[in-house]
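Here is what each chain is made of, one letter per residue.
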Amino acid sequence: MGEFADDVSEHNAIVQRESLRTRPGTKAALIGPRIYTGPDKPEMADAREQASIIIESCTDSTSSPIVDRNNHVVENGGGIAHHIFFLRKDVDNNLKIFVSWTGKVETCPVTA
């Protein structure tokens, strides 16, 4: 999955090391994905040059915040994250997912 797989592996290692989890009995909502039609961002230069397709999605963890081993919500542990990914063929000619941009937003543009 290109660098996306590396990001997921790194995130999972942090979660395990720090005993993080979502609040019991809750789960985050995935919104999207859809084809990205929004404005260019400086961080998207690689995507525009290399992409076969650019997609976006959001993860809304407002009702499912990340908590530590003491069940306290961690800083920036909830809210809405907007993700922009691109797909392109890697050196092995398989389609891979790469992260172009991600950030916290007040509302998800995918539902707008």
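A brief look at the structure comes next.

Each value, and the rule that gives it
Residues numbered from 1 in each chain as written. Predicted model: local features only at pLDDT ≥ 70, side-chain atom pairs only at ≥ 80, totals over all residues. Heavy atoms only, no water. Helix = DSSP H or I, 4+ residues; strand = E, 2+ residues; numbered from the N terminus. Buried < 20%, exposed > 50% of the residue type's maximum accessible area, 1.4 Å probe, protein only. Areas by Shrake-Rupley, 256 points an atom, 1.4 Å probe, with all protein chains shown as cover. 1 Å grid on protein atoms, 1.4 Å probe; cavity = no way out; pocket = protein on both sides within 12 Å on 5 of 7 lines; lining within 4 Å. Points joined across faces, edges and corners; volume = space filled by probe spheres on them. Nonpolar A, V, L, I, M, F, W, Y, C, P; charged D, E, K, R; others polar.

### Some remarks on the overall build of the chain
1) Next: On a plain count of helices and strands, the chain comes out with two helices and six strands.
2) Next: Starting at the N terminus and walking to the C terminus, you meet the elements of the chain as α-β-β-α-β-β-β-β.
3) Next: C-alpha atoms of the chain, sized along the principal axes, occupy 45 × 35 × 25 Å.
4) Next: Buried residues in the chain amount to 29% of all 112 residues.
5) Next: For the chain, the exposed area adds up to about 7,200 Å²; of that, 52% sits on carbon and sulfur atoms.

### Concerning the layout of surface pockets
A water-sized probe rolled over the atoms picks out the places where empty space is left.
1) Next: Each pocket or cavity is described by its volume, and for the largest pocket that value is around 1,100 Å³.
2) Next: Residue lining of the largest pocket: 34 residues in total, with H11, T59, I66, A81 and H83 positioned closest to the centre.
3) Next: Breaking the lining of the largest pocket down by element, the ones donating at least two residues are α1 (2–17), β1 (21–22), β2 (29–35), β3 (53–60), β5 (80–89) and β6 (95–105).
4) Next: Of the residues contributing to the lining of the largest pocket, the split by class is 15 nonpolar, 14 polar and five charged.

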